[in-house]
Amino acid sequence: MAPSSNMLSDFGKHDRIVMLSEIRNLALAPLMPYASSDDDSGTLVLMNDVMTCASDILELIHQQRLHRASMAFGMDWG
């Protein structure tokens, strides 16, 4: 299935994870030219909108920068 902004959320007919990853990739596509930039001033945060905690987001960014990691991932605990 080719990604498009008109994708239907019919998870009965399409693999949910594949559809969500294609939608994520569409959202990130305009940012890709900046991915190879040597400028360290920006941070992109992708988050789950079900469980949001500002202090957890700040901690994740702090740890990513502290360890000079290219990526950092958090986990939802409910």
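Relevant structure appears above.
Residues numbered from 1 in each chain as written. Predicted model: local features only at pLDDT ≥ 70, side-chain atom pairs only at ≥ 80, totals over all residues. Heavy atoms only, no water.

**Student:** Can you walk me through a nonpolar patch on the surface in this structure?
**Tutor:** A surface patch of nonpolar side chains, about 460 Å² in accessible area, is lined by Leu-31, Tyr-34, Leu-44 and Leu-46. Looking at the element boundaries, Leu-46 is found in the loop between α1 (16-28) and α2 (54-66). Of the residues examined, Leu-46 reaches a relative accessible area of 58% and is grouped as exposed. (Patch = residues over 30% accessible without salt bridge, like charges linked within 9 Å, V, L, I, M, F, W, Y side chains within 5 Å. Areas by Shrake-Rupley, 256 points an atom, 1.4 Å probe, with all protein chains shown as cover. Salt bridge = Lys/Arg side-chain N within 4 Å of Asp/Glu carboxyl O. Helix = DSSP H or I, 4+ residues; strand = E, 2+ residues; numbered from the N terminus. Buried < 20%, exposed > 50% of the residue type's maximum accessible area, 1.4 Å probe, protein only.)

**Student:** Looking at this structure, I do not really get α2. What am I missing?
**Tutor:** Structural remark: α-helix, 3.6 residues per turn; residues separated by three or four positions point the same way. Here α2 spans 18 Å end to end across 13 residues, near enough to the 18 Å set by a 1.5 Å rise per residue. Positioned one or two residues after α2, Arg-68 has a phi angle of 50°, which is positive. (Expected span 1.5 Å × (residues − 1).)

**Student:** Explain the layout of surface pockets here, please?
**Tutor:** To find leftover empty space, a probe the size of one water molecule is rolled over the atoms. Taken as a whole, the second largest pocket encloses approximately 180 Å³ of empty space. Residue lining of the second largest pocket: Arg-16, Ile-17, Leu-20, Ser-21 and Arg-24, and that is the complete set. Considered class by class, the residues forming the lining of the second largest pocket number two nonpolar, one polar and two charged. (1 Å grid on protein atoms, 1.4 Å probe; cavity = no way out; pocket = protein on both sides within 12 Å on 5 of 7 lines; lining within 4 Å. Points joined across faces, edges and corners; volume = space filled by probe spheres on them. Nonpolar A, V, L, I, M, F, W, Y, C, P; charged D, E, K, R; others polar.)

In short, geometric facts, not functional conclusions.
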